[in-house]
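Listed below are the residues making up each chain.
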Amino acid sequence: MPIEILAQTLVNGLFLGGIYALVAMGLTLIYGVMIIINFAHAEFLMIGMYVSFWAFTLFGIHPYMAIILATVILFLFGALIQRGLIEPVLKAPLLNQILLTLGLSTLIMGLAQFFWRAEPRSILIPFASSSLRVGDLILNWPRLIAFIASIVLTIGLYFFLKKTKTGKAIRACSQNRVAAQLTGVNVRKIYMLTFGIGAALTGIAGVLISPNYPMTPTIGQTFSITAFVVVVLGTMGNFVGAFIGGLIIGVAEAFGGLYLGSDVRQVVSMGIFILVLLLRPQGLFGRMI
Amino acid sequence: MALLEVEGITKRFGGLVAVRNLSFSIDRGEILGMIGPNGAGKTTAFNMIAGFYKPDEGRILFNQEEITGLRPVLVCKKGIARTFQVDKPFPEISVLENVLVGAYIDTSDTKVARQNAESVLAFLRMEAYADKLAGGLPVGWRKRLEIAKALATKPKMLLLDEAMSGLRPSETDEMIELVHQIRDQGITVLLVEHVMKVIMSLADRIIVIHHGEMISIGKPADVVKDPAVIDAYLGEANSHAKD
Amino acid sequence: MTTPQPTHSEQQSSSSITVRRSNWFRAILLDWDKTQLALSFLIILLIGLSPLFIDSPYLLGIVILTVLYAYVGLAWNIVGGFAGQLLIGHISFFAFGAYTTIVLLNHYHISPWLGIPAAMIPAALLGAFVALLTLRYGLKLDYFALFTLALMVVLGIVFSKIPFLGGAIGMWIPFRGESWAMMSFVSKVPYLYIALLLLTIGVVVHYAVYRSKLGKYMIAIREDEAAAAALGVNISKYKTIALCLTAALSGMGGGFYVVYTTFVEPPLVFGLPFNVELLVAPIIGGRGTIVGPILGALLNKPVVEMVRGAFSAERAGTTLIIYGSLLMFFMLFLPRGVTGLLEKPHQKLRSYLLRKLESEKE
């Protein structure tokens, strides 16, 4: 296999991985703080894409400007969902939580299909296919920008969590809810905030990929289970792990597509998933349970 | 005739030695009380016999058969039943059904198991609660249910883990009477307790554990006079007084 | 152990109340489990009479699927309700069954009358495989759930790559004329009765398991594994049995499904939407109860179809909206399901009957 193809695959994989990372980071943040597996998470991606689509179609707003819009909308949406729907079941048995978020996911998909029809839509901007050439590598501009954005967001999130008061409050909640409460942290607010941030991150990912992917109400499903793979691989709750895990899975899928054919790409991530679940369920960065 | 023989068992958790070289035996039909200050290692020793922990060293023999390191399921099948300090009922099913789970130990026939369960409930004078959901029982009866479940497995030996904690004096008296009756049925008893009144009225012999080691074993009257025991308990009291 | 004769007051175990033979009806009503069983049979009977009132193939089709979903719900309830395990991706068992039956039929010309029961075997084997793997590696709770989902995706991809199984396009059963032997009918009515037969088997097996040692052990595992182990319950063994039972029964459901709909393809039977659809009935009906899966299916499928009919212009998404809303509503407000709602009225009925019995004694 010529080195140029391998290098290109690697680049493609990294770019894809950046998107996975963004989706997974939101998911893992939510899990770390609330210990809930949010099956509806990938729908935030779908909504982000549609925000981008409608902003472009109705108002001619360029997708990257729509990021701001998407962030706001999804943040609020996420916070509201947490307050109204998630909060009541946090103390309920695990199956109830899982089914609630599964139901939410189904509902959101259904609503999207109902209002926005099921056919794929695309944002048609010439920019979508323009590329940067670096040697023999073709770096598709939107994907490159998405990748850079994911790195920037990761770094931003890192500093937010480590340095700001709110960020520290979030980390406190994920480590020890009761202790956090005792030190005056408004846990409810933190939950809403975390869910909002998680949703917003994923929504941004949706906007970022909107030039390259056709959007359908079920596009979330494609990313959903892969997001779980990334979260578990990178250790649940560890958002740096989610970033690294995302890149790993992206690259693995890219190479899987290269050697096995693109329709069985998912086997690679599922295979990794099963191996991780069986052999190292605590993920790359967790301690032995 | 020794029913249970514990030979030099040791258990470490990381760097901490919870139980060190513990040896004792319990005779058939005996009631042995196990006491000791908090954190002495009683529960660890108890859990090693019940199969919840595997001893790092030593052997445990039951009925001359080696049971060291056997899992709780198998320990139960060999004839040792246990209660839990914080009682563990099956909350969503009835009291009778709770006991029924234990009663299936040697049969698959529901009729037979049900009869066994009902007679256990009768023995514990709990028939009135048979159809009540276990999750809604008051504390005293929850403790009884713990014992009922264990008895349904037709054990040769019963391990009671602080079965009297949190009971009113009248309830405690009833429980003491109950344990006597259990022994009268031919069941050997090992009980871990903090309540001295219970130990003194029930135990044929007492074993005292301190810092993971046995510091005294013998008849209750002798053990309470043992200077090592007094030291252990007073030493505890003194160290508290200094704080 | 000496057995002193217990004294029972009227408030106690209904099994020990001596009831005159003419009051067997009352005896059933006093026992919630028996009431649910009776209700199940009543529903089966009523559905069995429905072809007298329903002509339209469309409506009959809804009834058939409702019955099938009830059956699959009962199957799930064994490991998901009684044993309390977080089985989410159980459609894989259903799919294995479907493929078994259609392969036996299409490739080997074996009648579905044999092919549907035969579907239990590969499904049960898959169940054993899952149990072995998850027990060996200690996958519990959410990890177990995620594993079953990942397995579903992998199997879907694998099946779409095997030409013998029709590959990505799937397989279908061509209509070769009316034949009892090959379970091929023009009218939907025979399918309804076959489905009811399946449901009856399901109800009987489900109830028998519940009342047996198997059922009690599963419930003990669900309620408190450590306590169960201390009472001599072999946790691994019974979890495996529960999963295999669920798998085998689900497999039969898949077998019937493929014969009735004459079509199977990987994205359908290894897909999350269908999986969720099968999960809704036992959940909203009442997980772990006897009649729950049936009531849940009755509530779910017909409602979905009716709403779909009302929005005939905007079909897309209505099914999903209803499933999603139902799931969410029940998880938020009625976690014990429809059967949970019926518990209190039954208790009142029971007290009333007991008081009547007491007054009759005087």
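Up top is the structure these notes are about.
Note that the coordinates shown come from a computational prediction; the quantities given were computed from them, not determined experimentally. (Residues numbered from 1 in each chain as written. Chains lettered and ligands numbered in written order. Predicted model: local features only at pLDDT ≥ 70, side-chain atom pairs only at ≥ 80, totals over all residues.)

Chemist: Hey, could you go over the overall build of chain A for me, with residue numbers and the actual values?
Modeler: A count of helical and extended segments in chain A gives eleven helices and two strands. In terms of overall size, chain A behaves like a compact globule, its C-alpha atoms giving a radius of gyration of 19 Å where 289 residues would be expected to give roughly 19 Å. When its C-alpha atoms are laid out on the principal axes, chain A stretches across 60 × 45 × 35 Å. Burial statistics for chain A: of 289 residues in total, 54% are counted as buried. Across chain A, every contact between residues at least 6 apart in sequence was considered, and the portion connecting residues at least 24 apart equals 76%. (Helix = DSSP H or I, 4+ residues; strand = E, 2+ residues; numbered from the N terminus. Rg over C-alpha atoms; globule rule 2.2 N^0.38 Å. Buried ≥ 20, exposed ≤ 12 C-beta atoms within 10 Å, placed from the backbone. Contact = placed C-beta atoms within 7 Å.)

Chemist: Describe the sheet that holds strand S1 (residues 2–13) of chain B, and please don't skip the residues or the numbers.
Modeler: All names here are of chain B. Read across the sheet, four strands follow the order S2-S1-S4-S5 without closing on themselves; strand pairing throughout is antiparallel. At either end of the open sheet lies a strand with only one pairing partner, and these are strand S2 (16–27) and strand S5 (65–66). The pairing of S1 with S2 spans eight bridges and is antiparallel. When the sheet's bridge partners are listed, Val-6 is paired in S2 with Phe-24. (Pairing = 2+ DSSP bridges.)

Chemist: Any details on the interface of chain C and chain B? Residues and values, ideally.
Modeler: At the junction of the two partners, chain C supplies 25 residues and chain B supplies 33 residues. Residue assignment for the side of chain C that touches chain B shows that the elements contributing at least two residues are helix H9 (213–223) and helix H10 (225–230) of chain C. By residue class, the composition of the side of chain C that touches chain B is 13 nonpolar, seven polar and five charged. (Nonpolar A, V, L, I, M, F, W, Y, C, P; charged D, E, K, R; others polar.)

Chemist: An account of the nonpolar core is needed here, citing residue identities and associated values.
Modeler: Of all hydrophobic cores here, the largest spans 301 residues; its most connected members are A:Val23 and C:Ala195. For this core, the element with the highest residue contribution is helix H1 (residues 3–34) of chain A, accounting for 17 residues. Beyond its immediate sequence surroundings of up to four residues, A:Val23 is in contact with A:Ala42, A:Leu45, A:Thr202, A:Ala205, A:Phe223 and A:Ala227. (Core = buried A, V, L, I, M, F, W, Y, C linked by C-beta atoms within 7 Å.)

Chemist: Report on the arrangement of the chains, specifying residues and quantitative values.
Modeler: Here the protein chains form two pairs of chains in contact, of which the pair with the most contacts is chains A and C. The two units chain A and chain B never meet; even their closest C-alpha atoms stay 14 Å apart.

Chemist: Tell me what's going on with the environment of B:Cys76, and back it up with residues and numbers.
Modeler: Summarising the element assignment, B:Cys76 is placed in helix H2 (residues 72–78). Between the C-alpha atoms of B:Cys76 and B:Ser201, which are 125 residues apart in sequence, the distance is 27 Å. When near neighbours in sequence (up to four residues on either side) are disregarded, B:Cys76 contacts B:Ala81, B:Thr153, C:Ala230, C:Leu231 and C:Gly232.

Chemist: So what about the interface of chain A and chain C? Which residues, and what values?
Modeler: Accessible area lost on assembly of the parts is the figure often given for the size of an interface. With 36 residues of chain A in contact, the opposing surface of chain C contributes 34 residues. Elements with a contribution of two residues or more to the side of chain A that touches chain C: helix H3 (63–89), helix H4 (94–116), helix H9 (219–233) and helix H11 (265–279) of chain A. Broken down by element, the residue count for the side of chain A that touches chain C peaks at 16 residues, all from H4(A). Across the side of chain A that touches chain C, the residue classes tally to 28 nonpolar, seven polar and one charged.

Chemist: Can you break down the pairing of strand S3 (residues 31–35) of chain B residue by residue, with the values?
Modeler: All names here are of chain B. Within S3, five of the five residues are buried, which leaves it mostly tucked inside the rest of the structure. Of the two faces of S3, both are covered, the one formed by Ile-31, Gly-33 and Ile-35 as well as the one formed by Leu-32 and Met-34. Sheet topology note: the S3/strand S8 (residues 188–192) ladder contains four bridges and is parallel. The residue bridging Met-34 from the neighbouring strand is Val-192, located in S8. With four bridges joining them, S3 and strand S9 (residues 205–210) adopt parallel strand pairing. Residue pairing for S9: Met-34 is matched across the bridge by Ile-207.

Chemist: Any details on the sheet that holds strand S7 (residues 157–161) of chain B? Residues and values, ideally.
Modeler: Residues and elements named next belong to chain B. The sheet built from six strands is open, its strands ordered S6-S7-S8-S3-S9-S10 with mixed pairing. Strand pairing shows two members of the sheet lacking a second neighbour, strand S6 (80–82) and strand S10 (213–218), which therefore form its edges. Each neighbouring strand pair of the sheet contributes to a mean axis angle of 20 degrees, computed without reference to strand direction. Across the face of the sheet, helix H1 (residues 42–50) comes into contact with S3, S6, S7, S8 and S9 while running at roughly 150 degrees to S7. (Axes fitted to C-alpha atoms, helices over the stretch in contact; angles between N-to-C directions.)

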